[in-house]
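Topology and contacts: notes
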Amino acid sequence: MSPQKMSVRRVAVVGGARIPFARSDGPYATASNQQMLTAALDGLVERYGLQEPGAVGEFVAGAVLKHSRDFNLARETVLGSRLHPTTPAYDIQQACGTGLQAVIAAANKIALGQTESAVAGGADTASDAPLGVNDSLRRILLQARRAKSLGGRVKALAKVRPGHLVPDIPRNAEPRTGLSMGEHAAVTARAWGIGREAQDELAAASHQRLAAAYERGFFQDLVIPFRGLARDQNLRPGSTVEKLASLKPVFGLDHPDPTMTAGNSTPLTDGAATVLLASEEWASERGLEPLAYLTAYETAAVDFVGGDVAGGEDGLLMAPAYAVPRMLERAGPGLADFDLVEIHEAFASQVLATLAAWEKRGLGTVDRARLNVAGSSLATGHPFAATGARIVATLAKLLAERDAPARGLISVCAAGGQGVTAILERA
């Protein structure tokens, strides 16, 4: 058999669907990753008529906080959804970059002609976080399982003490530093001289812009109601700099004048999002006009353990400061050539530090009127693996609204000192 002929094609972003994002331990407290991801996928399937066999080449998605039952999350989601059960699926995980990395993985197969269409996405629940068995108890149980006799099993189990019954609760901390993401961001904020007022201004703008987008009906075909929610629960339409200024700092408290609060940091969030990608031919055959095209992407990582952390260059969330310059050098456009810029708002300080780093590297400044124009993670919330898919669908629709050639930049920072970036264009 001759090798399959591969050609590089443009990859269209056809549309997206997500459920409203909810604060942890709220409306979705009892919803699993699979249930949320299925709801988002079903919304996409229904909107674009994807029920028949072969309509979608594959489904790729992931979650960051996963139970053992989620070991085959994407495939199980397909089997529980309206997507045809013959649709292949696989999981992917790159911390907060998972959703965007899923989009990239699916896009690569479409670009190479290996499939005509795919759905990418992600889900995460901070409410239903997995609790691990105390490691000492785990070792005892394994010893009991290996025992050759009843007496051996009883002897092993006799070692169990009350303290062994305390579960290992997931920690929001980097394994190599012991610091939470917020504490890492506080270090970077100090290094770059990011002040409290600037952070609160960015956070207030995120809420105000998301509220305005909902009011004008922008999310009507992107957000699927779920468990009583019709819009993102974290949204505070009345947010102002003055109101945010009243909040007490929660990160960086070991240094004078801490600046990071619950208001200018993302809350723990539950949610799911999906994106439909396809070749131009597939979209044309179905009478669907692409919203935009995914034309470039880049990932990067920093040494946030032994690198220049104190100087701000290699902070945990600073990898996009390296990924974007590389991507732009390869793709051609400069930062000033982008009509819209979407930076994932893990923390307001991290967004501002990224902008400062791009400027330091000679990329220029970003007009704030073009930054996160429909709000971002500070307002929507941030279910880790869902954020990338949310941003891709939102930016694609924003570009399509312009009804003229336009270009958008995506920047997502991620745990582990990683970053995932991409470019969307509308010809």
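As shown above, the structure is provided for reference.
Residues numbered from 1 in each chain as written. Predicted model: local features only at pLDDT ≥ 70, side-chain atom pairs only at ≥ 80, totals over all residues. Heavy atoms only, no water.

1. Some words on the overall build of the protein
The helix and strand tally for the protein stands at 13 helices and twelve strands. When its C-alpha atoms are laid out on the principal axes, the protein stretches across 75 × 65 × 45 Å. In the protein, which comprises 427 residues, the proportion classed as buried is 54%. Element-wise, carbon and sulfur atoms account for 53% of the exposed surface of the protein, whose accessible area totals about 17,800 Å². A distance of 8 Å separates the average location of the 43 positive side-chain charges in the protein from that of its 44 negative side-chain charges. (Helix = DSSP H or I, 4+ residues; strand = E, 2+ residues; numbered from the N terminus. Buried < 20%, exposed > 50% of the residue type's maximum accessible area, 1.4 Å probe, protein only. Areas by Shrake-Rupley, 256 points an atom, 1.4 Å probe, with all protein chains shown as cover. Lys, Arg positive; Asp, Glu negative; His and termini not counted. Charge placed at Lys NZ, Arg CZ, Asp CG, Glu CD.)

2. Points about the nonpolar core
Leu100, Phe219, Ile410 and Leu424 are the most contacted members of the largest nonpolar core, which has 48 residues in total. At nine residues, helix 13 (residues 387-401) tops the list of elements feeding residues into this core. Residues contacting Leu424, with those up to four places away along its chain left out, are Val13, Ala292, Tyr293, Leu294, Val392, Leu395, Ala396, Leu399, Ala406, Arg407, Gly408 and Ile410. Of all hydrophobic cores here, the second largest spans 36 residues; its members include Ala22, Val56, Leu83 and Ala283. (Core = buried A, V, L, I, M, F, W, Y, C linked by side-chain atoms within 4.5 Å. Contact = heavy atoms within 4.5 Å.)

3. Points about the environment of Ala272
Structurally, Ala272 is set in strand 8 (residues 269-279). Judged by relative accessible area, which is 0%, Ala272 ranks as buried. If sequence neighbours within four positions are ignored, Ala272 has contacts with Arg18, Ile19, Phe21, Met36, Leu37, Ala40, Gly122, Ala123 and Ala386.

4. Describing the packing of aromatic side chains
Taken as a whole and assessed by the stated rule, the structure comprises four aromatic pairs. Arranged with centres 4.7 Å apart and planes meeting at 40°, the rings of Tyr214 and Phe219 form a pair that is tilted. Relative accessible area serves as the criterion here: at 11%, Tyr214 is assigned to the buried category. Plain terms: the ring middles of Phe218 and Phe219 are 5.0 Å apart, the flat faces sit at 85° to each other, and that makes the pair edge-to-face. For the pair Phe218 and Phe219, one class covers both residues: buried. Linked through ring pairs, Tyr214, Phe218 and Phe219 together constitute an aromatic cluster. Across the ring face of Phe219, the terminal group of Arg18 is positioned such that the distance to the ring centre comes to 5.5 Å. Here the guanidinium or amino end of Arg407 rests over the ring plane of Phe338, the centre of that ring lying 5.9 Å away. (Phe/Tyr/Trp six-rings, centres within 6.5 Å; stacked < 30°, edge-to-face > 60°. Lys NZ or Arg CZ within 6 Å of the ring centre and 35° of its normal.)

5. A few points about the pairing of strand 1 (residues 11-18)
Within strand 1, eight of the eight residues are buried, leaving the element largely enclosed by the surrounding structure. Where strand 1 meets strand 9 (residues 292-301), three bridges bridge the pair, whose relative direction is antiparallel. Counted as the bridge partner of Ala12 is Tyr293 from strand 9. The pairing of strand 1 with strand 8 spans seven bridges and is antiparallel. Within strand 8, the position partnered with Val11 by the bridge is Ser279. (Pairing = 2+ DSSP bridges.)

6. Things to note about unusual backbone geometry
Most peptide bonds adopt trans geometry, and most residues besides glycine take a negative phi value. With a phi angle near 60°, Asp25 is a residue other than glycine that sits in the positive phi range. The residue Asp25 is located in the loop between strand 2 (22-23) and helix 1 (33-48) in this model. With a phi close to 45°, Asn372 is a non-glycine residue in the positive phi region. For Asn372, the location among the structural elements is in the loop between helix 11 (348-360) and helix 12 (377-380).

7. Points about helix 6 (residues 181-192)
Residue pairs three or four apart in sequence face the same way in an α-helix, which turns once every 3.6 residues. With twelve residues, helix 6 extends 17 Å from end C-alpha to end C-alpha; this agrees with the ideal 16 Å at 1.5 Å per step. Considered for burial, the residues of helix 6 that qualify are Met181, Gly182, His184, Ala185, Ala186, Thr188, Ala189 and Trp192. Structurally, helix 6 contributes buried residues whose contacts are with strand 6 (249-251), strand 7 (260-261) and helix 11. After helix 6 finishes, the residue Gly193 shows a positive phi value of roughly 65°. (Expected span 1.5 Å × (residues − 1).)

8. Observations regarding the packing of helix 10 (residues 320-331) against helix 11
The description of two packed helices rests on the angle between their axes and on the distance between the axes. Look at helix 10 against helix 11: their axes get within 9 Å of each other, and the N-to-C directions meet at 45°. Taken together, the axis directions place helix 10 and helix 11 in an arrangement best described as oblique. As helix 10 runs across helix 11, the sense of the crossing is right-handed. Between helix 10 and helix 11, the residues in contact are Pro320, Ala321, Val324 and Pro325 and Thr354, Ala357 and Trp358, respectively. Counted by class, the contact of helix 10 with helix 11 contains six nonpolar, one polar and no charged residues. (Axes fitted to C-alpha atoms, helices over the stretch in contact; angles between N-to-C directions. Parallel < 35°, antiparallel > 145°, perpendicular 65-115°, else oblique. Left-handed = near helix turned anticlockwise from the far one by under 90°. Nonpolar A, V, L, I, M, F, W, Y, C, P; charged D, E, K, R; others polar.)

9. Digging into the pattern of salt bridges
A full pass over the atoms with the stated rule returns 20 salt bridges. For Arg402, the salt bridge goes to Asp339, with nearest N and O atoms at 3.9 Å. Pair noted here: Arg402 is in the loop between helix 13 and strand 11 (406-414) and Asp339 is in the loop between helix 10 and strand 10 (340-343), with a separation of 63 residues, a long-range link. Members of the salt-bridge network, linked through shared partners, are Arg47, Asp221 and Lys397. (Salt bridge = Lys/Arg side-chain N within 4 Å of Asp/Glu carboxyl O.)

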